[in-house]
Amino acid sequence: MATTKTDPKLALAANGAKKSKLYEGLTREQLIQAYRVMYTSRRVDDREILLKRQQKIYFQMSGAGHEGIGVAAGLALKSGYDWFYPYYRDRALCLALGVKPYDMFLQGVGAANDPSSGGRQMPSHWSYPALHIVTQSSPTGSQILQAVGCAEGGRYFARHPKSSERPVNAADYRQFKNVSFQGDEVTYVSLGDGTSSEGEFWEAMNAAALEKLPVIFCVQDNGYAISVPVEAQTAGGSISRLVSGFPNFHFEEVDGTDPVASYAAFHRAVQHCREGHGPAFVHAHVIRPYSHSLSDDERLYRPDAERERDAQRDPVTRTQMFLLREGILDEKGINQLEKEVEAELQAAVDLALEALPPAPESILQFVYSPDIDPASAAFDTQPVTPEVPADGKKPAAKTMADLITTTLRDEMRRDDRIVIFGEDVADCSREEYLKRKLVKGKGGVFKLTFGLQNEFGADRVFNAPLAEAAIVGRATGMATRGLKPVVEIQFFDYIWPAMMQIRDELSVIRWRSNNGFSCPVVIRVAIGGYLTGGAIYHSQCGESVFTHIPGLRVVFPSNSQDAAGLLRTAIRCDDPVLFLEHKRLYRESFGRAAYPGPDYMIPFGKAKIVHPGTDLTVITYGAVVPRALQAAQKLEREQGVKVELIDLRCLNPFDWDTIAASVAKTNRALVAYEDTLSWGYGAEIAARLADQLFDKLDAPVRRVAAKDVFVAYQPILEDAILPQPNDLFLAMKELAEY
Ligand SMILES: Cc1ncc(C[n+]2csc(CCOP(=O)(O)OP(=O)(O)O)c2C)c(N)n1
Ligand SMILES: [Mg+2]
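Bear in mind the structure is a predicted one, so any value in this text is a computation, not a measurement.

Rules used throughout
- Residues numbered from 1 in each chain as written.
- Chains lettered and ligands numbered in written order.
- Predicted model: local features only at pLDDT ≥ 70, side-chain atom pairs only at ≥ 80, totals over all residues.
- Heavy atoms only, no water.
- Helix = DSSP H or I, 4+ residues; strand = E, 2+ residues; numbered from the N terminus.
- Rg over C-alpha atoms; globule rule 2.2 N^0.38 Å.
- Buried < 20%, exposed > 50% of the residue type's maximum accessible area, 1.4 Å probe, protein only.
- Contact = heavy atoms within 4.5 Å.
- Areas by Shrake-Rupley, 256 points an atom, 1.4 Å probe, with all protein chains shown as cover.
- Lys, Arg positive; Asp, Glu negative; His and termini not counted.
- Charge placed at Lys NZ, Arg CZ, Asp CG, Glu CD.
- Donors = N, O, S within 2.8 Å, 3.2 Å for Na, K, Ca; no water.
- Near = heavy atom within 4 Å.
- Polar contact = N/O pair within 3.5 Å; in protein donor to acceptor, adjacent residues only side chain to side chain.
- Nonpolar A, V, L, I, M, F, W, Y, C, P; charged D, E, K, R; others polar.
- Patch = residues over 30% accessible without salt bridge, like charges linked within 9 Å, V, L, I, M, F, W, Y side chains within 5 Å.
- Salt bridge = Lys/Arg side-chain N within 4 Å of Asp/Glu carboxyl O.
- Phe/Tyr/Trp six-rings, centres within 6.5 Å; stacked < 30°, edge-to-face > 60°.
- Lys NZ or Arg CZ within 6 Å of the ring centre and 35° of its normal.
- 1 Å grid on protein atoms, 1.4 Å probe; cavity = no way out; pocket = protein on both sides within 12 Å on 5 of 7 lines; lining within 4 Å.
- Points joined across faces, edges and corners; volume = space filled by probe spheres on them.
- Pairing = 2+ DSSP bridges.
- Right-handed = clockwise from strand over helix to strand, strands pointing away.

> Mind laying out the overall build of the protein chain, listing which residues take part and the relevant values?
Within the protein chain one finds 25 helices and 19 strands. Computed over its C-alpha atoms, the radius of gyration of the protein chain comes to 29 Å, within 12% of the 27 Å expected for a compact globule of 738 residues. Principal axes of the C-alpha set define a box for the protein chain whose edges measure 105 × 65 × 50 Å. When burial is assessed residue by residue, the protein chain has 58% of its 738 residues classed as buried. Contacts spanning at least 24 positions in sequence make up 80% of the contacts within the protein chain whose residues lie at least 6 apart. Total accessible area computed for the protein chain in this model is approximately 29100 Å², and 53% of it derives from carbon and sulfur atoms. Looking at the protein chain, you have 82 positive and 94 negative side-chain charges, and the mean spots of the two groups are 3 Å apart.

Here it is as structure tokens:
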């Protein structure tokens, strides 16, 4: 074990002799407390294992072997001041930060009053808002990018403190976010050695180094990822060696079973971060004495000799020996401490076993914000009447692209918590070019964010590295702190690296933390085909993949006024929103409109009847709207058939009432969408129609959509693949004649 750096002669000479000796700055009392935490941590694991065997809890994940580094981190950082993204082996850290064993047992039994999730998450998935321990999930590594975003959020508020204030009278998400920040706060994130193979880890390291963020990456290297040893996982066998080239970092490699050495390493890491020099990397070598989990038996892949070697380094035993050797505690003192811990745990277990389970009726609570309903009348505002120009001509009709830009600008003026980042969204990363007016600026590949960096500065509008998971993950961390990131995914086709962040993090953080945390991010995405040359990778739809995710709002406007109204609702509301912008509609002459004003909002889940009719209902959205309108007008002209054309505008929630009322009147329904036919958005609508309006239907529910294939480059093929006005016309005609 590492011992003091204090000159022993001086320490002995001092009054109180050995009693005042410091161990890397830690007092004897702190070391006793550290041992108490470590011993408690191990014994909570042991009790949980027993409870699992007795079938009183349903899962167990141990922190055994990781107690030394955990308690050291807890001593070096400040609970409720710094921020924590721990992983499942961080039991000792959580105890050191103030989580009670009782809270841990409540999680094990899945109690209603389990403070981290109310029975929704497995044990060891920590979430304690007051201690700044942010809700964790099971995918290994998905916390790392969020930790980076959390640090960015803290820095943003420190640089723009006014933005943290809760504005009076502003009816938006800010009313429900308690923002707190410290100028020198540090964000801790931990992961295992195996998890350092995840791409998100490298994206996070890069972002933290680029931005010189105060994040401590703590890799707890127990030599295995379930059964995969480190040499089969990490090239060269050392993660420290691999990351050593990252600039701005402070690096530590330490024996994580030694709490004193670990504390010293952490202390230096914390200092580097607090002083604003950049991130730190602490590589802690630890052991894993209890197999990966209760479902794993490590004897299948680790021989006894290897396991015994590890046991020699057991942090709990080593620390106990250390305390005895240094005369900090004698045998009696150790026994007394352990007895106290056992008694505390017994009482905690007894109490937790009596805890009530959550009520089944509560399952849908906190899928969305309980505070703001974006489908409510509060978001139903009227467009302002445009001023008539002096020459008496009609007011300028704006494209969807124009009005999205204008809406972003207006909202950024109104709310200084909005930050915009993504690929190419800035005017120019090399700001001096802008200042010296050498360049005009870009503002996105579609130019929708043009001019925003110029007006609001590079703290609020900036280019992110080309890494989609990082864009969404960082935004999620920022939003957890109270910012409103409005990020851009350049093409829907490239949203997939961010899928883990969207599906397993962004959309579920509120629900899984039982409303302890929320992250109302807006993700703007350019989507869709009909581009004449867009081909496979610039034409994709796939909205139903996202409407299938609880907790995520999905919006898909077809015209400029709707885009403005819905984007404003997306920004002001308190839920994560996927805002899909059809590229083909950005500058289309269809659907242009005058600017509806800086407070124009459309509630989510309210469809628009684009063309009223009595004979047949067509339900659609996005770029199919103008095509279906063309087909409907032709059918009316040629056959006198009156189609009721519904533009859903918002896909989750969607406006079932408008659909049902229309189909009850027309008795015929066609669902049309640009995405591939099978398993698409129309399947859900068709199924609901069959289920709930069966007795109103005079004809089968039909669908028109893309062929079940990718969108090809050659325009002849693209036309054959995507639904065309004529396909829609024929389907409407056939259905009307049925
Ligand atoms: C993204 C993801 N892939 C796979 C898993 C299944 N899994 C859970 S833990 C684990 C090993 C993690 O090893 P390591 O990062 O070294 O952490 P340790 O458990 O050893 O502390 C795996 C593969 C998962 N939870 N998430
Ligand atoms: Mg490991």
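> How would you summarise the coordination of the magnesium ion (ligand 2) if you had to cite specific residues and measurements?
Those protein atoms acting as donors to the magnesium ion (ligand 2) are Asp-193 (OD), Asn-222 (OD1) and Tyr-224 (O), and they sit at 2.0 to 2.1 Å. In primary-sequence terms, the residues that donate to the magnesium ion (ligand 2) follow D-x28-N-x1-Y. You can see Asp-193 sitting in the loop between strand E2 (187-192) and helix H7 (199-211) and its partner Asn-222 sitting in the loop between strand E3 (215-221) and strand E4 (224-225), a full 29 residues away along the chain. Like Asp-193, the residue Asn-222 is buried in the burial classification.

> So what about the site of ligand 1? Which residues, and what values?
Taken together, 17 residues lie near ligand 1, and Tyr-87, Tyr-88, Gly-194, Thr-195 and Tyr-224 sit nearest. Between an oxygen atom of ligand 1 and a side-chain N or O atom of Asn-222, the distance comes to 2.9 Å. Residue classes in the shell around ligand 1 are distributed as seven nonpolar, seven polar and three charged.

> Let's hear about a positive patch on the surface: which residues, and what values?
Residues Lys-440, Lys-442, Lys-447 and Arg-587 make up a contiguous surface patch of positive charge. Since its relative accessible area comes to 35%, Lys-442 is described here as partly exposed.

> How would you summarise a nonpolar patch on the surface if you had to cite specific residues and measurements?
Nonpolar side chains collect at one region of the surface, where Ile-536, Tyr-537, Val-709 and Phe-710 lie side by side and expose about 410 Å² of accessible area between them. Structurally, Phe-710 is set in the loop between strand E19 (702-706) and helix H24 (715-721). Taking the relative accessible area as the measure of exposure, Phe-710 reaches 61% and is therefore exposed.

> Would you mind going over the packing of aromatic side chains in detail, with residue names and values included?
Taken as a whole and judged by the stated rule, the model has 25 aromatic pairs. Look at Phe-201 and Trp-202: their rings are 5.0 Å apart centre to centre, the planes differ by 80°, and that puts the pair in the edge-to-face class. Taken together, the ring pairs connect Phe-201, Trp-202, Phe-217, Phe-246, Phe-249, Phe-251 and Phe-281 into an aromatic cluster. Across from the ring centre of Tyr-173, 4.5 Å away, lies the NZ or CZ of Lys-484, which sits over that ring. Across from the ring centre of Tyr-368, 3.7 Å away, lies the NZ or CZ of Arg-553, which sits over that ring.

> Residue-level account of empty space enclosed by the protein, with values.
With the rule as written, the count across this model stands at two cavities of 30 Å³ or more. The volume enclosed by the largest cavity comes to roughly 80 Å³. In terms of lining, the largest cavity is formed by 13 residues, of which the most central are Tyr-87, Tyr-88, Ser-137, Pro-139 and Gln-143. When grouped by side-chain class, the residues that make up the lining of the largest cavity number four nonpolar, nine polar and no charged. The volume enclosed by the second largest cavity comes to roughly 50 Å³. Taken together, Val-367, Tyr-368, Leu-506, Ser-507, Arg-510, Ser-518, Cys-519, Gly-551, Asp-574, Asp-575 and Pro-576 form the lining of the second largest cavity. Here the residues of the lining of the second largest cavity are counted per class, giving five nonpolar, three polar and three charged.

> If you had to explain the layout of surface pockets to someone new, which residues and values would you point to?
Put simply, the largest pocket is a space of about 370 Å³. The wall of the largest pocket is formed by 17 residues, among which Phe-176, Lys-177, Asn-178, Thr-480 and Gly-516 lie closest to the centre. Among the residues making up the lining of the largest pocket, the classes are represented as five nonpolar, seven polar and five charged.

> Any chance you could break down the environment of Leu-242 for me, citing the residues and the numbers?
One can find Leu-242 in helix H8 (residues 239-243). Remark: the alpha-carbon pair of Leu-242 and Asn-514, spanning 272 residues in sequence, is separated by 38 Å. Excluding its chain neighbours within four sequence positions, the residues that come into contact with Leu-242 are Trp-202, Thr-234 and Ala-235.

> Give me the lowdown on the pairing of strand E6 (residues 250-255), citing residues and values where you can.
Here E6 pairs with strand E7 (residues 280-285) via six bridges, running parallel. Bridge pairing in E7 links His-250 to Ala-280. Once you follow E6 into helix H9 (residues 259-274) and on to E7, the crossover reads as right-handed.

> Outline the environment of Pro-370, listing residues and values.
The residue Pro-370 is located in the loop between helix H12 (331-353) and helix H13 (400-414) in this model. According to the relative accessible area criterion, Pro-370 is partly exposed, its value standing at 45%. Taking C-alpha positions, Pro-370 is 31 Å from Met-400, a pair spaced 30 residues apart along the chain. The contact partners of Pro-370, leaving out residues within four places of it in the chain, are Arg-510 and Asn-515.

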